[in-house]
Amino acid sequence: MNAVLFALNAKYIHSSLAPWCLLAGVEKEKPEQVAVVVREGTINEKESDVLNRILDCAPQVVCFSCYLWNIRQTLRLAQQVKQQCPQVWIVLGGPEVSYNAAQVLRENPQVDYILSGEGETSVPMLLECLAKGEDPAACEPQIPGLCARVGDSVLEREPCVLTQIPPSPYSQQYLHTLNGRIAYLETSRGCPYSCAFCLSGRCGKPRFFPLEQAYRDIITLANSGAQTVKLIDRTFNANVHHADAILSFILEHYGREIPEGICFHFELAGDILRESTFALLEKAPPGAFQLEIGMQSFCEKTLAAVRRKTDCRVLQDNIRRLVAMGNMHVHIDLIAGLPYEDLAGFGESFNTGYALGAQMMQLGFLKLLHGAAMREEPEEYPCEFSPEPPYEVIRTPWITPKELDVLRGAEDALERCYNSGRFRGTVAYVLRVSAMTPFEFYCRFGAAASRRGTANIPLDEYTQLLYEWCAALPGVEQPLLRDAMVCDRLTTNSSGRLPHCLHVADPMLGKVVRMLAADPQTAPKPGVKRGAAILYGARKAAFVDYTQKNPVTGRYLLHTRSIDNFCVK
């Protein structure tokens, strides 16, 4: 019997670990008369191409991994497989179907079985049962996590949580198909928290894999061609000894068995960091580590309502300390739409988070996930949300649809101006000379940009939109605004070209460029591209040589010289 383990990724750069974990489980259990292959696709591909990739395997069973971002396309693919090959069994698994299996089976006749929870044991058991022609619902021993139609009712077993360490998915076949995409690494499963908006707390308490296994996997993935190895442990530092051992191993082998330039991404709980972990993080080569720290909110009442235990004071101090090290990209996030946080309250959390200076601050919107307490307990969490994935909040007793639209405009502006790194200096200048808070700036400019329309807007047009909007603000001096924006463009765009709104036709610039090239201290190295401009507000010449980027900030180094030196020569 031929079986396909299939997953649709959000982007090509993302690889999917789940089907390879399932394949490792099948290969460990070795079910009789079963041959299994893994296939992947993306949600951006033509569905006919993806369908052919599945059908070319001549499967009798297709197992789909289901997530928030792919569930609609996955269900359509499953229906198309069933239409073309009615005899094929369709099996679903993954977080998007593990806590609403009965509903999915009732609404999707093309689906035969759902395996909820972890699947390394249940998938091979189901495949062997089907290969033998037996009824999976009646198999002994019982298939954990199995959900199936039984007559007019639905059998729905509890999601499987494994007690044993799962087999390693990192086969040569996996490494071959990785092909430079982001590699995902597990060194533990489960989560110590029970946040009401999240599913991780339903996946069992933390279970840590043997360190020797983690070490082997780190070396393997670091030499796979991937530039980023992302640890998917829900709270990497839940066990400080486990976390410190892995960080120590990476640092000890970085530049030798682990090639320079590889970046490791960790998701941390910022308020439980220990001194031993700080000491290790401080030793990391620039760009070797990325840290993602979930904050969600700085409102104590909100955090208590969503069952998130966080010491906000310690969290802020620790994030500032990490950012000050300057050797790591730090990513923090907020969630709009949580209980007891109105627009003004969210603005306070936003300003608090923004002041921490992290390289990225994500503004996300509450999603009412199947299986999360905020969806299953509507009396305690009275939220209106979209019935379609991603089930995003529409209104709450504390925030209106119109206010959420304001935040969506702010989120777009935050992504384009701050998280992209393109206009940080510009925004910093405007905030310094105006009376606006960061939250007010992003809300107001986001609203203006939304009215203009920013979908697929070219960078030069967006630059002009931002320039003209900021130039009209009280307290903003246009020459200094241009200085800030010129510096931003030079250091983040290796073309060295300025957009029309910043360009000044000045013969002095040619003289400056020639004099910089003639001076041994400022002459560019052969073959190195340079961008240059005159900063009229500061009376300086600015230039950037496009060699190596700062691996943390993503910016090229800016040099300035007083313009007076050029005027007198």
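In this text the structure is predicted, and so the values were computed from the model without any measurement. (Residues numbered from 1 in each chain as written. Predicted model: local features only at pLDDT ≥ 70, side-chain atom pairs only at ≥ 80, totals over all residues. Heavy atoms only, no water.)

Asks: Describe the side chain of Ser 434, naming the residues involved and giving the relevant values.
Replies: In this fold, Ser 434 is placed in the loop between helix 15 (424-433) and helix 16 (438-452). Overall, the relative accessible area of 15% leaves Ser 434 in the buried class. Of the polar contacts made by the side chain of Ser 434, one reaches the backbone oxygen of Val 430; its length is 2.8 Å. Side-chain polar atoms of Ser 434 contact the backbone nitrogen of Met 436, separated by 3.3 Å. (Helix = DSSP H or I, 4+ residues; strand = E, 2+ residues; numbered from the N terminus. Buried < 20%, exposed > 50% of the residue type's maximum accessible area, 1.4 Å probe, protein only. Polar contact = N/O pair within 3.5 Å; in protein donor to acceptor, adjacent residues only side chain to side chain.)

Asks: Describe in detail the nonpolar core, supporting the description with residues and values.
Replies: In this structure, Phe 264, Phe 441 and Tyr 442 are the most contacted members of the largest nonpolar core, which totals 146 residues. Counting 27 residues, the second largest nonpolar core, distinct from the first, contains Leu 8, Cys 57, Leu 75 and Leu 105. (Core = buried A, V, L, I, M, F, W, Y, C linked by side-chain atoms within 4.5 Å.)

Asks: I'd like a rundown of the packing of aromatic side chains, residues and numbers included.
Replies: All told, the structure shown has 21 aromatic pairs when counted by the stated rule. Ring pairing ties together the aromatic residues Phe 346, Phe 350, Tyr 354, Tyr 418, Phe 423, Phe 439, Phe 441, Tyr 442, Phe 445, Tyr 462 and Trp 469, which thus form one cluster. If you follow Arg 408 out to its NZ or CZ, it ends over the ring of Phe 365, 5.0 Å from the centre. (Phe/Tyr/Trp six-rings, centres within 6.5 Å; stacked < 30°, edge-to-face > 60°. Lys NZ or Arg CZ within 6 Å of the ring centre and 35° of its normal.)

Asks: Can you break down the sheet that holds strand 5 (residues 113-115) residue by residue, with the values?
Replies: As summarised here, the arrangement of the 7 strands in space is 2-1-3-4-5-6-7, forming an open sheet in which the pairing is mixed. The open sheet has two free edges, formed respectively by strand 2 (35-42) and strand 7 (153-156), since each of these has just one partner strand. Averaged over all adjacent pairs, the angle separating strand axes in this sheet is 20 degrees, with direction ignored. Here strand 1 (residues 2-9) runs beside strand 3 (residues 61-65); their pairing, made up of 5 bridges, is parallel. If you follow Phe 6 over to strand 3, its bridge partner there is Phe 64. The strands that helix 1 (residues 18-29) touches are strand 1, strand 2 and strand 3; relative to strand 2, the one it contacts most, it runs at about 175 degrees. Running over the sheet, helix 5 (residues 122-131) touches strand 1, strand 2, strand 3, strand 4 (89-93), strand 5 and strand 6 (146-150) and is turned about 155 degrees from strand 5. (Pairing = 2+ DSSP bridges. Axes fitted to C-alpha atoms, helices over the stretch in contact; angles between N-to-C directions. Contact = heavy atoms within 4.5 Å.)

Asks: Could you give an account of unusual backbone geometry, with specific residues and numbers?
Replies: Peptide bonds are mostly trans, and most non-glycine residues show a negative phi. That bond from Glu 140 to Pro 141 is cis: its omega, 0 degrees, falls within 30 degrees of zero. Along the chain, the position of Pro 141 falls in the loop between helix 5 and strand 6. A cis amide bond links Pro 389 with the next residue in sequence, Pro 390, at an omega value of 10 degrees. Summarising the element assignment, Pro 390 is placed in the loop between strand 16 (384-385) and strand 17 (393-395). Residues other than glycine seldom take positive phi values, yet Gln 33 does so here, at roughly 60 degrees. Summarising the element assignment, Gln 33 is placed in the loop between helix 1 and strand 2. What makes Gln 33 exposed here is its relative accessible area of 56%. Notably, Asn 179 is not glycine yet its phi reads approximately 55 degrees, a positive angle. With respect to the helices and strands, Asn 179 occurs in the loop between helix 6 (172-178) and strand 8 (183-185). The exposed category is assigned to Asn 179, whose relative accessible area is 55%.

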